[in-house]
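# Close look at the chain arrangement
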Amino acid sequence: SRTSSVSARSASAFDGFWDVEYIRPHIQDVDIYVQPSISEGLAKTLIEAMAYSTPIIATCSGGPQEIIKDEVSGKIVPIKDPKSIAKAIKELNGDYKYANKLGESANIFLLRELKIDSTIKKTLEIYKTILKVRQDSLLLYSLNNYCVKNRQSHFIFGTSAPRPFFAGIKLH
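The paragraphs below set out a description of the structure included in this document. Since the structure is predicted, the reported quantities are computational estimates derived from the model, not experimental observations. (Residues numbered from 1 in each chain as written. Predicted model: local features only at pLDDT ≥ 70, side-chain atom pairs only at ≥ 80, totals over all residues. Heavy atoms only, no water.)

## Things to note about the packing of helix α3 (residues 44-51) against helix α6 (residues 96-113)
Applied cut-off: Interaxial angles span 0 to 180 degrees and are taken between N-to-C directions of axes, which are lines fitted to C-alpha atoms, for helices over the stretch in contact. Note on conventions: DSSP H or I runs of at least 4 residues are helices, E runs of at least 2 residues are strands, and numbering of each starts at the N terminus. Orientation labels follow simple angle bins: below 35 degrees gives roughly parallel, above 145 gives roughly antiparallel, 65 to 115 gives roughly perpendicular, and whatever is left gives oblique. Take the far helix as your reference; a near helix turned counterclockwise from it by less than a right angle gives a left-handed crossing, and one turned clockwise gives a right-handed crossing. It only takes one pair of heavy atoms within 4.5 Å for two residues to be counted as in contact. Lys, Arg, Asp and Glu make up the charged group, whereas Ala, Val, Leu, Ile, Met, Phe, Trp, Tyr, Cys and Pro make up the nonpolar group; the residues left over, Gly among them, are polar.
Close contact between α3 and α6 brings their axes to 7 Å; oriented N to C, the two are set at 110°. Taken together, α3 and α6 sit at an angle that is classed as roughly perpendicular. Between α3 and α6 lies a crossing whose hand is left-handed. Mapping the contact onto sequence places Ile47, Met50 and Ala51 in α3 and Ala106, Asn107, Phe109 and Leu110 in α6. Looking at the contact of α3 with α6 residue by residue, the class counts come to six nonpolar, one polar and no charged.

This is the structure we're talking about:
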């Protein structure tokens, strides 16, 4: 349902802040979905646009680039850069085949990668990693306290990235 070229001023509206339930029918009817956030997590409205195969333009504001691959499943533009947003809108408005390809790719990614079971699995893996870092930190803390309490010379250091580890040297 991509329409012919019209001015952005006559074809756009900003009605304020609304819940996704109110926005859903509007996302379904637009030709291009633009998310010009300065800071954003995983926005439900992006997922809604992906579900309707709507071409997306989003700012590089955190969450969007986690699910939108620039030039593959949407356009990622710099934050606080209205000229880049306008350029992306003009590009997609002038090339419907490309815009449709981006929207379809976003929908395929959504159906393949953002299914509830895979999302739960990935979330659990993140929690396991966090718990592992916490366990390693507690172990390091305990070893350090043991050495201090027993008046043993020690040198212990640790890190949590990319995989937690610790090393200790006991000096006598």
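## Let's talk about the sheet that holds strand β3 (residues 75-77)
Condition: Strand pairing is assigned whenever DSSP identifies at least 2 bridges connecting the two strands.
The sheet built from three strands is open, its strands ordered β1-β2-β3 with parallel pairing. Edge positions in the open sheet fall to β1 (33-35) and β3, since each of these has one partner strand only. For this sheet, the mean angle separating the axes of adjacent strands, direction not counted, is 15°. Bridge count between β1 and strand β2 (residues 56-59): three bridges; the pairing is parallel. Each residue of the ladder has a partner; that of Gln35, found in β2, is Ala58. Packed onto the sheet, helix α5 (residues 82-94) meets β1, β2 and β3 and runs at close to 160° relative to β3.

## Brief notes about α6
The condition is simple: The span expected for a helix works out to 1.5 Å for each residue beyond the first. A 1.4 Å probe rolled over the protein chains alone gives each residue an accessible area, and that area as a share of the maximum for its type sets the label: buried under 20%, exposed over 50%, partly exposed in between.
End to end, α6 covers 25 Å across 18 residues, agreeing with the expected 26 Å (1.5 Å per residue, within 8%). For α6, the set of buried residues is Tyr98, Ala99, Leu102, Gly103, Ala106, Asn107, Phe109 and Leu110.

## Things to note about the environment of Ile76
Structurally, Ile76 can be placed in strand β3. Given the relative accessible area of 16%, Ile76 is considered buried. With residues up to four places along the chain from it excluded, the contact list for Ile76 reads Ala58, Thr59, Cys60, Pro64, Gln65, Ile68 and Asp70.

## Points about the nonpolar core
What counts, and what does not: Take the buried Ala, Val, Leu, Ile, Met, Phe, Trp, Tyr and Cys residues and link them wherever side-chain atoms come within 4.5 Å; each set so joined is a nonpolar core.
Membership of the largest hydrophobic core comes to 14 residues, with the highest contact counts inside it found for Tyr33, Leu46, Met50, Ile56, Ile67 and Ile68. Residue contacts for Tyr33: discarding those within four places in its chain leaves Ile27, Thr45, Leu46, Ala49, Thr54, Pro55, Ile56 and Ile57. Counting eight residues, the second-largest nonpolar core is a separate cluster that includes Ile57, Val77, Ala88 and Leu102.

## Comments concerning the pattern of salt bridges
Filter applied, for reference: Throughout this description, the term salt bridge denotes a Lys or Arg side-chain nitrogen within 4 Å of a carboxyl oxygen of Asp or Glu.
Evaluated as defined, the whole model comprises three salt bridges. For Glu71, the salt bridge identified is with Lys75, shortest N-O distance 2.5 Å. For the salt bridge of Lys122 with Glu113, the shortest nitrogen-to-oxygen distance reads 3.4 Å. Taken together, the shared-partner salt bridges connect Glu71, Lys75 and Glu91 into one network.

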